[in-house]
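# Structural overview for review
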Amino acid sequence: MPPVIRSNQLAQVDGQEVTLQGWIYNRTHKGKLVFLLVRDGYGFVQCVAFQRDLDPELFEAIVRVPQESSVRISGVVRADKRAPGIPGGYEIGITGLEIVQSVEGEYPIALKEHGVDFLLDHRHLWIRVPSQWAILRVRATVIKAIRDWLDGNGFTLVDTPILTPAACEGTTTLFGTKYFDEGMAYLAQSGQLYNEADIFAFGKVYCFGPTFRAEKSKTRRHLTEFWMVEPEMAFCDLDQLMEMEEQFISHIVQTVLRDCRAELLSLGRDLTVLEKVVPPFPRISYDDAVKKLAEIRDRTDDPEQKALLTMEWGGDFGSPHETELTKLYDKPVFCYGYPSAVKAFYMEPWPGRPEVSKSVDLLAPEGYGEITGGSERISDPDLLLERIRQHDLPEDAFRWYIDLRRYGSVPHSGFGLGVERTVAWLCGIDHIRETIPYPRTINRVYP
Ligand code: 4AD
Ligand code: MG
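Since the structure is predicted, the reported quantities are computational estimates derived from the model, not experimental observations.

## Examining the sheet that holds strand β10 (residues 184-187)
With antiparallel pairing, the three strands of this open sheet are ordered in space as β8-β10-β9. Strands with a single pairing partner mark the edges of an open sheet, and in this sheet they are β8 (163-164) and β9 (176-178).

## Considering the sheet that holds strand β17 (residues 359-364)
Judged by pairing direction, the sheet is mixed, and its eight strands sit side by side in the order β7-β11-β12-β19-β18-β17-β14-β13 without closing on themselves. Of all the strands in the sheet, the pair left with one neighbour each is β7 (156-157) and β13 (283-285). With six bridges connecting them, β17 and strand β18 (residues 369-376) associate as antiparallel partners. Looking at the pairing, D361 lines up with G373 of β18. Along the sheet, helix α5 (residues 192-202) contacts β7, β11 (204-212), β12 (225-234) and β19 (412-418); its crossing angle with β12, the most-contacted strand, is approximately 35°. Lying over the sheet, helix α14 (residues 419-427) contacts β11, β12, β17, β18 and β19, oriented at roughly 60° with respect to β19.

## Regarding empty space enclosed by the protein
Taken as a whole and judged by the stated rule, the model has two cavities of 30 Å³ or more. In this model, the largest cavity occupies a volume close to 100 Å³. Every residue lining the largest cavity is counted, 14 residues in all, and those nearest its centre are T164, P165, A166, L193 and Y194. Considering every element that reaches the lining of the largest cavity, the biggest residue donor is α5, with three residues.

So, how was this worked out
Residues numbered from 1 in each chain as written. Chains lettered and ligands numbered in written order. Predicted model: local features only at pLDDT ≥ 70, side-chain atom pairs only at ≥ 80, totals over all residues. Heavy atoms only, no water. Pairing = 2+ DSSP bridges. Helix = DSSP H or I, 4+ residues; strand = E, 2+ residues; numbered from the N terminus. Contact = heavy atoms within 4.5 Å. Axes fitted to C-alpha atoms, helices over the stretch in contact; angles between N-to-C directions. 1 Å grid on protein atoms, 1.4 Å probe; cavity = no way out; pocket = protein on both sides within 12 Å on 5 of 7 lines; lining within 4 Å. Points joined across faces, edges and corners; volume = space filled by probe spheres on them.

Following this line, the structure appears as structure tokens:
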């Protein structure tokens, strides 16, 4: 058997005879010519069989091999600009075929249009198709870029617990579970509170893991289980936080552009939009954003849009507001200084304006909206205790958290980046359920 190669390394073996191990994605038969589109995990390659070059038995096997059968194909690699595939541009002239398993019966996801519920019910098979494969490859690259940047910039990974005694982001979105004789435990909404303890030992830290929100949101931006990376830094104020964030986000985007070009192009993504994502990012205060939204509202004639965009100072932005704001910029935009009332209890108040928090969300362009949420944290123990009481949080569960402000308190800041929303934006897709291998939403836990 000729040497086994990966389909994304064909350029290095042009002209050589190789073996490709994979699965039959599609087959087209044109008289004496058969085209197999074969996927091997690294890409999709066109493999071609000419009847006149092959012995009849082999040609017959190629004509009949069913969709999704597992195969080892040997053949000669040749460059051909027209060859379809991901990345494409090379094809394999088949010299041999070994069928590892021939699929019997009908494959559930035949190559035709299917409804999204059907596809989600078959998610275990759906991930094989080019679009889903490409999205999940981008996801893996995003995660690697996140880790590489943080590991290379002085951050220590400190894991935070999933089973927790208290809420971080608000009590209405907790998944609870009875925990032996200790009462209730809750699935983590965020590792932030633990990150805040960890910076006093390590300076700059991050946690990265699954996060759970029992919110009854049925939008294209919400999952009940999603992955979040949360960097946290000691001796860091809100401005320094934004400076770090724009470096970090730009690194992720530029890495994906470099390492996932073929995947993005296969999804039809406009790369010029992503090429612009380099520091600095524009910054707009919540106050100015509210004014800008009022101007946009006054200019529109559409009564429905007018109603959607109407808001008073003090309210939180919904997705129509975020969408309009991001349309004003061709880069991600920082919106900072939200009213304290719409944000979490731990946020540092704006100096001289207690009704405003030192918070910042990063809104992705093209209407994608919030991909990170963060803030400077309260560093004074008395103010923190006051906030915990105001928010009706269980004081006892936060004893350790208040301690952090008693022993070496410093200004500190951090944020959380949602992996799925970031991937949806980079891939240019509508709904975040396709950006995680097995999505969990309020009406889905299968497969
Ligand atoms: O804005 P959030 O709720 O912030 C926090 O959890 C902070 N404790 C983070 C921190 O400062 N360490 O969530 C942060 C990000 C959002 O910007 C969004 O990208 C993502 O997490 N996110 C969700 N993604 C998918 N589905 C959901 N239900 C999400 N909720 C938040
Ligand atoms: Mg948020």
